[in-house]
Amino acid sequence: MQSRNSRLNSSALRGAVDLAAVKAAGEAAQKAEQTRAERARQAAAGDGPALADYPLVLDVTEDTFESEVVQRSAEVPVVVDFWAEWCGPCKQLSPILERLAEEYAGRIVLAKIDVDANPLIAQQFGIQGIPAVMAVVAGQLVPLFQGAENESNVRKVIDQLIAVAEQRFGIVGSGAGASDAEAAPRVPADPALEAAHDALDRGDLGGAVQAYRNVLSERPGHVEAKLGLAQAQLLQRVEKLDPQQVRADAAADPKDVQAQLRAADLDLVGGHVEDAFGRLVSTVAKTFGDDRDAARLRLLELFEVIGPDDPRTVAARQALARVLF
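The present account deals with the structure reproduced in this document. (Residues numbered from 1 in each chain as written. Predicted model: local features only at pLDDT ≥ 70, side-chain atom pairs only at ≥ 80, totals over all residues. Heavy atoms only, no water.)

## Brief notes about the overall build of the chain
Right, on to step 1. Broken down by element type, the chain carries 16 helices and six strands.
Right, on to step 2. In the chain, which comprises 325 residues, the proportion classed as buried is 50%.
Right, on to step 3. For the chain, the proportion of contacts with a sequence separation of at least 24, taken over those separated by at least 6, is 70%.
Right, on to step 4. Entry remark: accessible area of the chain is about 14800 Å², with carbon and sulfur atoms responsible for 52%. (Helix = DSSP H or I, 4+ residues; strand = E, 2+ residues; numbered from the N terminus. Buried < 20%, exposed > 50% of the residue type's maximum accessible area, 1.4 Å probe, protein only. Contact = heavy atoms within 4.5 Å. Areas by Shrake-Rupley, 256 points an atom, 1.4 Å probe, with all protein chains shown as cover.)

As structure tokens, then:
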């Protein structure tokens, strides 16, 4: 089993955003935890269906979203595929997702949402284009990617998601790999780092920022603490923003660097990684002096949130180099 440090190379974890974007986070997480406890009680008593008895691919509507996605996410990572009948790229991506859901045999569940039939869910998730793929784990929203991807890339994202679900939330689904994962030796917990993670999970962003800084004050090169700090600072920056106003300001004046920084933060939190990176690369290209430096530094911060090895980060670094040099 990999260490937690290597697990944090997953863009899925660092892109995790509280399900408050869809429902009140506390309510969702509480329901997910209650469901997990009830399933455990039923399993112990031999009462009720086992997780393995549930379908691996299912169509979800606004009426069934709570039970099929939020509550089920207490037991297994739920990958959410936003699609529509008229969408050509969706017809390429959806079969890949369905095939992998079957192959992973219970380690994930695939929930398919037709955006035309369920516009409210798409609106609440902030879906701006399809196909779009997100996940829900223990009542938390995890943006994955937007647009069609090949099977190799999709498999990597799902592997990362499964690792995050197990290490961060203790959720392993019902697949054959679950027992192996449970049998693997656990990495000893770092109390200072766990305190920072716990603060972030509770939504105590100020406490999380300080806790990660405490770790870094003693171990400046600690990779996981640096990544956690970047995520906490990002969420702290967007916490009180008005998304509509931010986007209006950014559209009204492309040369307003602070407006572009705020819009890029919202893009990233919403799972639109390429949009966030592209916005800041464009801002760097249009500006000079302190403004250019501010945009460049913010872009480097967002690289930390997504991870240096992510293909989107690699591509954006190349684009940044081209406009700088």
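Back to the write-up after that little detour.
## Structural notes on helix α10 (residues 205–218)
Right, on to step 1. For α10, built from 14 residues, the straight-helix expectation of 20 Å at 1.5 Å per residue is met to within 8% by its first-to-last C-alpha distance of 20 Å.
Right, on to step 2. If you check which residues of α10 are buried, you get Leu205, Ala208, Val209, Ala211, Tyr212, Val215 and Leu216. Down the axis of α10, the buried side of the element spans an arc of 165°, and every buried residue falls inside it. Looking at α10, the residues exposed on the side facing more than 90 degrees away from the buried face are Ser217 and Glu218.
Right, on to step 3. The elements touched by buried residues of α10 are α9 (191–202) and α11 (223–238). (Expected span 1.5 Å × (residues − 1). Arc of directions from axis to C-beta.)

## Regarding the pattern of salt bridges
Right, on to step 1. Considering all chains together, one arrives at 15 salt bridges under this definition.
Right, on to step 2. Here Asp81 makes a salt bridge to Lys112, at a shortest N to O gap of 3.3 Å. With Asp81 in strand β3 (residues 78–83) and Lys112 in strand β4 (residues 109–114), this residue pair connects regions lying 31 residues apart in the sequence.
Right, on to step 3. Judged by relative accessible area, which is 0%, Asp81 ranks as buried.
Right, on to step 4. Measuring nitrogen to oxygen at the nearest pair gives 3.8 Å for the salt bridge that ties Arg202 to Asp204.
Right, on to step 5. Given the relative accessible area of 60%, Arg202 is considered exposed. (Salt bridge = Lys/Arg side-chain N within 4 Å of Asp/Glu carboxyl O.)

## A closer look at the pairing of β4
Consecutive side chains of a regular strand alternate in pointing toward one face of the sheet and then the other.
Right, on to step 1. With five of six residues buried, β4 is to be regarded as a mostly interior element.
Right, on to step 2. When strand β2 (residues 57–59) meets β4, the two strands line up parallel, connected through three bridges. From the neighbouring strand, Val57 faces β4, where its bridge partner is Leu110.
Right, on to step 3. Strand direction decides the pairing type here: β3 and β4, joined by six bridges, are parallel. Following the sheet pairing, Asp81 is matched in β4 by Lys112.
Right, on to step 4. Running through helix α5 (residues 88–104), the crossover from β3 to the neighbouring parallel element β4 is right-handed. (Pairing = 2+ DSSP bridges. Right-handed = clockwise from strand over helix to strand, strands pointing away.)

## Remarks on the environment of Trp86
Right, on to step 1. As for its placement among the helices and strands, Trp86 is situated in the loop between β3 and α5.
Right, on to step 2. Beyond its immediate sequence surroundings of up to four residues, Trp86 is in contact with Asp116 and Ile130.
Right, on to step 3. Within the local environment of Trp86, its side chain forms a polar contact with the side chain of Asp116, the two groups lying 2.8 Å apart. (Polar contact = N/O pair within 3.5 Å; in protein donor to acceptor, adjacent residues only side chain to side chain.)

## Overview of the packing of aromatic side chains
Right, on to step 1. A full pass over the atoms with the stated rule returns three aromatic pairs.
Right, on to step 2. Pairing Phe277 with Phe303 gives two aromatic rings, centres 5.0 Å apart and planes at 85°, and the pair type is edge-to-face. You can see Phe277 sitting in helix α14 (residues 273–286) and its partner Phe303 sitting in helix α15 (residues 289–306), a full 26 residues away along the chain. Just as Phe277 is buried, Phe303 falls in that class too.
Right, on to step 3. Among the aromatic residues, those joined into a cluster by ring pairs are Phe65, Phe82 and Phe125. (Phe/Tyr/Trp six-rings, centres within 6.5 Å; stacked < 30°, edge-to-face > 60°.)

## What about the state of the cysteines?
Right, on to step 1. Taken as a whole, this structure holds one disulfide when the rule is applied.
Right, on to step 2. Sulfur-sulfur distance for the disulfide between Cys87 and Cys90 comes to 2.4 Å. Taking the sign of the torsion about the S-S bond as the criterion, the disulfide between Cys87 and Cys90, at about 80°, is right-handed.
Right, on to step 3. A relative accessible area of 2% means that Cys87 is categorised as buried.
Right, on to step 4. We classify Cys90 as buried; its relative accessible area is 2%. (Disulfide = S-S within 2.5 Å.)

## Topic: the packing of helix α13 (residues 257–269) against α15
The relative placement of two packed helices is expressed as an angle between their axes plus a distance between the axes.
Right, on to step 1. Direction vectors running N to C along α13 and α15 enclose 10°, while the axes themselves pass 10 Å from each other. In terms of their interaxial angle, α13 and α15 are classed as roughly parallel. In this structure, α13 uses Val257, Leu261, Ala264, Asp265 and Leu268 to contact α15, whose residues at the interface are Asp291, Ala294, Ala295, Arg298, Leu302, Val305 and Ile306.
Right, on to step 2. Grouping the constituent residues of the contact of α13 with α15 by class yields nine nonpolar, no polar and three charged. (Axes fitted to C-alpha atoms, helices over the stretch in contact; angles between N-to-C directions. Parallel < 35°, antiparallel > 145°, perpendicular 65-115°, else oblique. Nonpolar A, V, L, I, M, F, W, Y, C, P; charged D, E, K, R; others polar.)

## A short note on the nonpolar core
Right, on to step 1. Counting residues in hydrophobic clusters, the biggest one holds 43 residues, and the most contacted among them are Leu200, Tyr212, Leu234, Leu268, Phe277, Leu299 and Leu302.
Right, on to step 2. Of all the elements in the fold, those that place two or more residues in this core are α9, α10, α11, α12 (243–252), α13, α14, α15 and α16 (311–324).
Right, on to step 3. In terms of residue count, the dominant contributor to this core is α13 (eight residues).
Right, on to step 4. Listed in part, the 26 residues of the second largest apolar core include Leu58, Val60, Phe65 and Ala84. (Core = buried A, V, L, I, M, F, W, Y, C linked by side-chain atoms within 4.5 Å.)

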